[in-house]
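# Observations on the three-dimensional arrangement
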Amino acid sequence: MAQSPATTPAPSDMRRSQAENARILARQRRAVQLRYIVLVLPIVLYLAFFYGYPVLAMLFRSINEPTWTLDHFAEIFRTSVYAHVLWITVQISLVVTVVTLLLAYPLAYLLSSVSSSKANLLMILVLVPFWTSILVRTYAWMVLLGRFGIINNFLIWIGIIDEPLRLLNTRLAVYIAMVQILMPFMVLPLYSVMRGIDRNLMRAAEGLGARPDQVFRRIFFPLSLPGIAAGCLLVFILSLGFFITPALVGGPKDVMISVLIEQQVNTLFNWPFASALAAVLLAGALLIFAVFNRILGVENIFGGTPS
Amino acid sequence: MTSTTARPAKVQSTPRRQLPSLPRLALYVFCTLVLIYLVFPVLVVIPLSFSSAQYLTFPPPGFSLQWYRNFFERSDWISAAILSFWVACVVMVLATILGTLASLALVRGRFPGRGLVNTFIVSPLIVPAIIVAIGIYFFYARLGIVGQPIALITAHTALAVPFVVVNVTATLYGFDERLEFAAMNLGANRLQTFWHVTLPIIRPGVLAGALFAFITSWDELIVALFISGTGAVTLPRKMWDSIRFQIDPTIAAVSTLLIIITGSLFFSAEMLRRRSERLRTAVVVEEEG
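Residues numbered from 1 in each chain as written. Chains lettered and ligands numbered in written order. Predicted model: local features only at pLDDT ≥ 70, side-chain atom pairs only at ≥ 80, totals over all residues. Heavy atoms only, no water.

For the rest of this paragraph, the subject is the overall build of chain A. Along the backbone of chain A there are 13 helices and 0 strands. Along chain A, helices (α) and strands (β) appear in the sequence α-α-α-α-α-α-α-α-α-α-α-α-α when read from the amino end. Against the 2.2 N^0.38 benchmark of 19 Å for 307 residues, chain A shows a C-alpha radius of gyration of 28 Å, more extended than a compact globule. Seen through its C-alpha atoms, chain A measures out along the principal axes to roughly 100 × 70 × 30 Å. Expressed as a percentage of its 307 residues, the buried residues of chain A come to 48%. Taking contacts inside chain A between residues at least 6 apart in sequence as the whole, the part at least 24 apart equals 69%. Here chain A has roughly 15600 Å² of accessible surface; of this, 67% comes from carbon and sulfur atoms. (Helix = DSSP H or I, 4+ residues; strand = E, 2+ residues; numbered from the N terminus. Rg over C-alpha atoms; globule rule 2.2 N^0.38 Å. Buried < 20%, exposed > 50% of the residue type's maximum accessible area, 1.4 Å probe, protein only. Contact = heavy atoms within 4.5 Å. Areas by Shrake-Rupley, 256 points an atom, 1.4 Å probe, with all protein chains shown as cover.)

Glancing now at the nonpolar core. Within soluble globular proteins, side chains that are nonpolar tend to cluster in buried spots. Core analysis: the largest hydrophobic core is formed by 187 residues, its most contacted members being Val40(A), Ile43(A), Ile261(A), Ile121(B), Phe226(B) and Ile227(B). When residues no more than four places from it in sequence are discounted, the contact partners of Phe226(B) are Glu262(A), Val265(A), Asn266(A), Ile130(B), Ala133(B), Ile134(B), Tyr137(B) and Val146(B). (Core = buried A, V, L, I, M, F, W, Y, C linked by side-chain atoms within 4.5 Å.)

A few words on the interface of chain B and chain A. Contacts between the two partners involve 87 residues from chain B and, on the opposite side, 82 residues from chain A. Across the chain B/chain A interface, buried area totals approximately 7700 Å², and carbon plus sulfur atoms make up 79% of it. For the pair chain B and chain A, the number of links is 0 salt bridges. A per-class count over the side of chain B that touches chain A returns 64 nonpolar, 11 polar and 12 charged. (Buried area = accessible area lost by both parts, 1.4 Å probe. Salt bridge = Lys/Arg side-chain N within 4 Å of Asp/Glu carboxyl O. Nonpolar A, V, L, I, M, F, W, Y, C, P; charged D, E, K, R; others polar.)

One turn of the α-helix equals 3.6 residues, which is why residues spaced by three or four share an orientation. Residues and elements named next belong to chain A. Here helix α5 (residues 134-145) is 12 residues long and its end C-alpha atoms lie 16 Å apart, about the 16 Å a rise of 1.5 Å per residue gives. Where burial is concerned, most of α5 is hidden: 11 out of the 12 residues are buried. Along α5, the residues classified as buried are Leu135, Val136, Arg137, Thr138, Tyr139, Ala140, Trp141, Met142, Val143, Leu144 and Leu145. (Expected span 1.5 Å × (residues − 1).)

Attention shifts here to the side chain of Asn70(B). Residue and element names in this part refer to chain B. Structurally, Asn70 is set in helix α3 (residues 66-73). Of the polar contacts made by the side chain of Asn70, one reaches the side chain of Thr250; its length is 2.8 Å. Leave out the neighbours within four places in its chain, and Asn70 touches Asp248 and Thr250. (Polar contact = N/O pair within 3.5 Å; in protein donor to acceptor, adjacent residues only side chain to side chain.)

All chains considered together, the criterion is met by 0 disulfides over all chains. Here Cys232(A) stays free of any disulfide, with the sulfur of Cys31(B) as its closest cysteine sulfur at 17 Å. (Disulfide = S-S within 2.5 Å.)

What follows concerns the confidence of the model for chain A. Residues and elements named next belong to chain A. Per-residue confidence for chain A gives a mean pLDDT of 86; residues scoring 70 or more make up 91%. Long-range and interchain partners of residues 1-6, a stretch whose pLDDT sits below 50, account for 3 contacts in this model, where long-range means more than four residues apart. The low-confidence segment residues 303-307, where pLDDT is below 50, has 5 contacts with residues more than four positions distant or belonging to other chains. (pLDDT = per-residue confidence, 0-100.)

Before going further, it helps to examine the packing of helix α3 (residues 80-113) of chain A against helix α2 (residues 22-49) of chain B. The geometry of α3(A) relative to α2(B) is characterised by a closest axis approach of 9 Å and an angle of 115 degrees between their N-to-C directions. It follows from the interaxial angle that α3(A) and α2(B) lie roughly perpendicular. As for the relative orientation of α3(A) and α2(B), their crossing is left-handed in sense. Between α3(A) and α2(B), the contacting residues are Leu102(A), Leu103(A), Pro106(A), Leu107(A), Tyr109(A), Leu110(A) and Ser113(A) on the first element and Arg24(B), Leu27(B), Tyr28(B), Phe30(B), Cys31(B), Val34(B), Leu35(B), Tyr37(B) and Leu38(B) on the second. Its residues assigned to classes, the contact of α3(A) with α2(B) shows 14 nonpolar, 1 polar and 1 charged. (Axes fitted to C-alpha atoms, helices over the stretch in contact; angles between N-to-C directions. Parallel < 35°, antiparallel > 145°, perpendicular 65-115°, else oblique. Left-handed = near helix turned anticlockwise from the far one by under 90°.)

Moving on: the packing of helix α4 (residues 75-108) of chain B against helix α11 (residues 235-245) of chain B. Residue and element names in this part refer to chain B. In contact at an axis separation of 7 Å, α4 and α11 are set at 145 degrees when each is read in the N-to-C sense. Facing α4, whose interface residues are Asp76, Trp77, Ala80, Ala81 and Ser84, α11 presents Leu235, Pro236, Lys238, Met239 and Ser242. Its residues placed into classes, the contact of α4 with α11 shows 6 nonpolar, 2 polar and 2 charged.

A separate point is the confidence of the model for chain B. Residue and element names in this part refer to chain B. Looking at chain B, pLDDT values average 84 and 88% of them are 70 or higher. Here helix α1 (residues 2-18) is the element of chain B with the lowest mean pLDDT, 44, and helix α6 (residues 129-143) is the one with the highest, 95. Model confidence for the complex is summarised by a pTM of 0.84, with the ipTM given as 0.83.

Within helix α5 (residues 114-122) of chain B, the full set of buried residues consists of Val117(B), Ile121(B) and Val122(B). Down the axis of α5(B), the sector holding all buried residues measures 120 degrees, keeping them to one side. (Arc of directions from axis to C-beta.)

Here we come to the pattern of salt bridges. Under the criterion given, the structure shown has 10 salt bridges over all chains. A salt bridge links Asp241(B) to Arg237(B); the shortest N-O distance between them is 3.4 Å. One end of the pair is Asp241(B) and the other is Arg237(B), both in helix α11 and 4 residues apart, which spans about a single turn. Connected through salt bridges with shared partners, the residues Arg211(A), Asp213(A) and Arg217(A) form a single ionic network.

With that settled, consider unusual backbone geometry. If a residue is not glycine, its phi is most likely negative; likewise, a peptide bond is most likely trans. Residue and element names in this part refer to chain A. In this chain, Glu65 is followed by Pro66 through a cis amide linkage whose omega measures -5 degrees. Of note, Pro66 is situated in the loop between α1 (11-64) and α2 (71-78). Residue Phe269 is not a glycine yet carries a positive backbone phi of 55 degrees. You can see Phe269 is positioned in the loop between α11 (257-266) and α12 (271-296). Taking relative accessible area as the criterion, Phe269 reaches 57% and is therefore assigned exposed.

This part is about the packing of aromatic side chains. Enumeration over the complete set of coordinates arrives at 30 aromatic pairs over all chains. Considering the side-chain rings of Tyr53(A) and Phe139(B), the 5.3 Å spacing of their centres and the 75 degrees angle between planes classify their relative orientation as edge-to-face. Residue Tyr53(A) is found in helix α1, and its partner Phe139(B) is found in helix α6; the two belong to separate chains. The buried category is assigned to Phe139(B), whose relative accessible area is 6%. Consider the rings of Trp141(A) and Tyr37(B), whose centres lie 5.9 Å apart with planes at 55 degrees: the pair is tilted. Placement of the pair is Trp141(A) in helix α5 and Tyr37(B) in helix α2, with the two residues belonging to separate chains. With relative accessibility at 5%, the residue Trp141(A) sits in the buried group. Aromatic ring contacts, followed pair by pair, group Tyr46(A), Phe49(A), Phe50(A), Tyr53(A), Phe139(B) and Tyr140(B) into a single cluster. One residue, Arg61(A), lies across the ring of Phe138(B), its end atom 4.9 Å from the ring centre. Directly above the aromatic system of Trp77(B) lies the positively charged group of Lys238(B), at a separation of 5.2 Å from the ring centroid. (Phe/Tyr/Trp six-rings, centres within 6.5 Å; stacked < 30°, edge-to-face > 60°. Lys NZ or Arg CZ within 6 Å of the ring centre and 35° of its normal.)

Structure (C-alpha cells):
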C-alpha cells in the first residue's frame, strides 16, 4: 500500500508482495477484532450469568418439575380461570394500545407541525410523566379515582352525581391509568417519524389540487405508518407485562398475567406453575417483537441509528 | 405554465396559516385536553403532600409540613432512601463502564455474531420485567443472597446496561474516527487516545446513559419486590408496602420528593442528549459542507 510508484517492482514481485500485504492486513484486522471482542466480553459474560442463565433456568423449571412434564402448561389452558387471565391480558393490552394511539396521534401531529422551539416546549409536558416513576403515577391515579378522591368530589360538587362512583379497582381505572402511563412511548416514535416527513410532498399534493383531508389520508398518514407500528409495538409489549398499575388500581376481576405470576411466586409458592406462565408471557412478547421486527427492523424501533 | 400552477397553492395556503381553520382549532383543543390528562395526575400529588388533614382530601384544608417531617423522622423511610441511593450509585458506575466498553465494540467492531450480541445486550428492554425478576429471584434464592444489597446491585446492573448502550452507541455513530487516528499519529497510545480524545467527545452520551442507569435502579420496583426480602428494602419497595396497607399522605410527600429528584435528573439527561445530537448534526454538516 505504502509503496511509492517510483520503484515499480517486477510483476511477479508485486504479486507476492500483494499477497503478503493481504496476509498482514488480515492478521491486523483479526487483532483489531480480537480487541473488540475483549471489550464486549465482560458485559456478555455478566449478562449471561446474572440475566440469561437465571431466566433460562426459570423457564426450564416449567417443564422439569417435579419430573419432565407439560402439565403446568396444560393447566394454564385447561383451567378456565387461568385461560381467562391470558385473555384479559391480551384484551387490556389491545384496548390500551388502540386508545393510546388515538390520543397520541393528533398530539404527535401537532408537535411535528409547529416550530421546533414550540415543539420542544410541548415535549417537556409529554416527558414530565415519562420522568415520573410508574409507582408515583399509579399512586396519583389512586388519589384521583378513589371513592372520596378528587374526581368523585368534583362531580358531586358540580352536582352531576349524588353518590360517589366506584372508579378505583375497576377495568376503567386500569385503562385510564395505563393509557396515561404508556402515552409517551407512543408519542415519541410517532413524533420522530412525523418530524422526518418531507412537507414538500404535502405541498405538492395541495398544489396538484388535493383537498386537505386527501393530503392527510393519501400522503401524511401512509408516511407515518412506521411510527404507528413502532409505538404500537412498544405500548403493546409493555402492556402485556404490566404489573404495578393493574395490581394497584385493577379490580379483583382484572388480574393480568404479571399479577398472577407474582401471586403464584410470593403467595402460593407454586414456582413451576409461575415459570410456565412466565414462559407463555415471554413467548407472546417475543413473537410480537419478531413480527414487528420483520416489518420494521430493530433500528427503527429503538429510535433509529444511522448505519 | 409554472406560474398558473403555483398560484392556487399559494392562495390556498396563506389564509390557512393566518386563521386557524375549524379542524385546526379542534386539533388544538384536543391536544390541550390530552396534555392536561398527561400532566395533571403528576402535579396533583404535590399540593396533597402539604395537606394538614390526616387523610387524603382535596383541596387540602390547610398547609402543613407534617408528612415531610414524618418521612424524615422515620428511620424505615430514611434507611430505604439511603439504600436506594447508594445501590443506584454503584449500579450507575458498573453499568456505565460495562455499557460504554460494549458500545465501542458494537459500533466499531465487525466480529462474527455482533448482531446477536447486540440483541442479547438490549434484550432486557424487551423481556417483561416480571420474567427477569422471578428468574433472578429463583437463582438468588438458591445462592442464598436474597435480601442483600449485592442482589439488588447485580440485578439492577443487568437491567440498566441496555440504557447505557443505547445512549452511547447513538453518540458513537456520529463520532469522527479520524480524530483518533490523528491522536495516535501524534504518539498517543490506545488508552491515552480513549481518555483524552474519545471520551470527552462522547461524554454527553455516556453521562446520559449513566443518568438513565441511575434512574433505572432508583425507580425499580418489580425486581426489588422479589429480592429485597426484609434486609434490603429500597424506597420504591417501601412505598409499595405503604400504598398497599395504608394510603396516608406520607406517600404524597415521598412522591413529591421523587418527582423533583427524578425530574431534574431526567431533565439533565435530556439536555445532554440534545447537546450530543447537536454535536452529531454539527459533524454531519461539517462533512457535507
